Amino acid sequence: MSKFLTDFKEFALKGNIVDMAVGVIIGGAFGKIVTSLVNDIIMPVVSLATGGVNFSDKAVELSPAETDAVTGEVLKEAVNWNYGMFIQNIIDFVIIAICIFVAIRMAMKLKKQEAAPAPEPEAAPEPTKEEVLLTEIRDLLQKQQAQK
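**Observations concerning the overall build of the chain**
Each helix and strand in the chain was counted, giving four helices and four strands. Listed by position from the N terminus, the elements making up the chain come as α-α-β-β-β-β-α-α. Against the globule reference of 15 Å for 148 residues, the chain gives a C-alpha radius of gyration of 36 Å, more extended than a compact globule. Oriented by its inertia axes, the alpha-carbon framework of the chain measures out at about 130 × 60 × 25 Å. Among the 148 residues that make up the chain, the fraction classed as buried is 7%.

Printed below as a string of structure tokens:
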């Protein structure tokens, strides 16, 4: 049992697990923000652009509800094909995916800027004709000195 606890402690305290837990928590909060963005900001505009259509309410009744004629009690619920909710979930997914893409892209740009290498120092200017000539004379003098 002691080995189990030691192994679990080592697993739970690894940096990757803690980072993943923080990511899940932030992801949950981010999901709420994006859901609000979709439901409260974007979908009203889409609804206005489509003439007040609310996708969530769109459905096709496959089988009507059965009720007792005397008491009015529902014996069998209606079976609906809620394609509007499916459309709403696709829109939510696309918007969430775009938001995550933009957030990751911005984070990667910031990371690149931080990790950008220092600019290369400017190359030395080309030597003038006089400098080249003087260098050749120096090299010849050194060669003569070495031959003596």
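**A closer look at the pattern of salt bridges**
Counted under the stated rule, the structure contains two salt bridges. Taking the shortest distance from any N to any O, the salt bridge between Asp7 and Lys3 comes out at 3.3 Å. One end of the pair is Asp7 and the other is Lys3, both in helix H1 (residues 2–12) and four residues apart, which spans about a single turn. Taking the shortest distance from any N to any O, the salt bridge between Asp139 and Arg138 comes out at 3.2 Å. Exposure remark for Asp139: the relative accessible area of 38% places this residue in the partly exposed category. Residue Arg138 is classed as partly exposed on the basis of its relative accessible area of 44%.

**Considerations on a nonpolar patch on the surface**
Where nonpolar side chains cluster on the molecular surface, the patch consists of Phe86, Ile90, Phe93, Val94, Ile98, Phe101, Val102 and Met106 and spans about 820 Å² of accessible area. For Phe93, the location among the structural elements is in helix H3 (residues 83–115).

**Some remarks on the nonpolar core**
Of all hydrophobic cores here, the largest spans five residues; its members are Val34, Val38, Met43, Phe55 and Ile95. No other element matches helix H2 (residues 15–49), which puts three residues into this core. When neighbours within four sequence positions are excluded, Met43 is seen to be in contact with Val38, Phe55, Gln88 and Ile91.

**Considering the side chain of Gln88**
Along the chain, Gln88 falls in helix H3. Residues in contact with Gln88, not counting those within four places in the same chain, are Val38, Asn39, Met43, Phe55 and Ser56.

Criteria and thresholds
- Residues numbered from 1 in each chain as written.
- Predicted model: local features only at pLDDT ≥ 70, side-chain atom pairs only at ≥ 80, totals over all residues.
- Heavy atoms only, no water.
- Helix = DSSP H or I, 4+ residues; strand = E, 2+ residues; numbered from the N terminus.
- Rg over C-alpha atoms; globule rule 2.2 N^0.38 Å.
- Buried < 20%, exposed > 50% of the residue type's maximum accessible area, 1.4 Å probe, protein only.
- Salt bridge = Lys/Arg side-chain N within 4 Å of Asp/Glu carboxyl O.
- Patch = residues over 30% accessible without salt bridge, like charges linked within 9 Å, V, L, I, M, F, W, Y side chains within 5 Å.
- Areas by Shrake-Rupley, 256 points an atom, 1.4 Å probe, with all protein chains shown as cover.
- Core = buried A, V, L, I, M, F, W, Y, C linked by side-chain atoms within 4.5 Å.
- Contact = heavy atoms within 4.5 Å.

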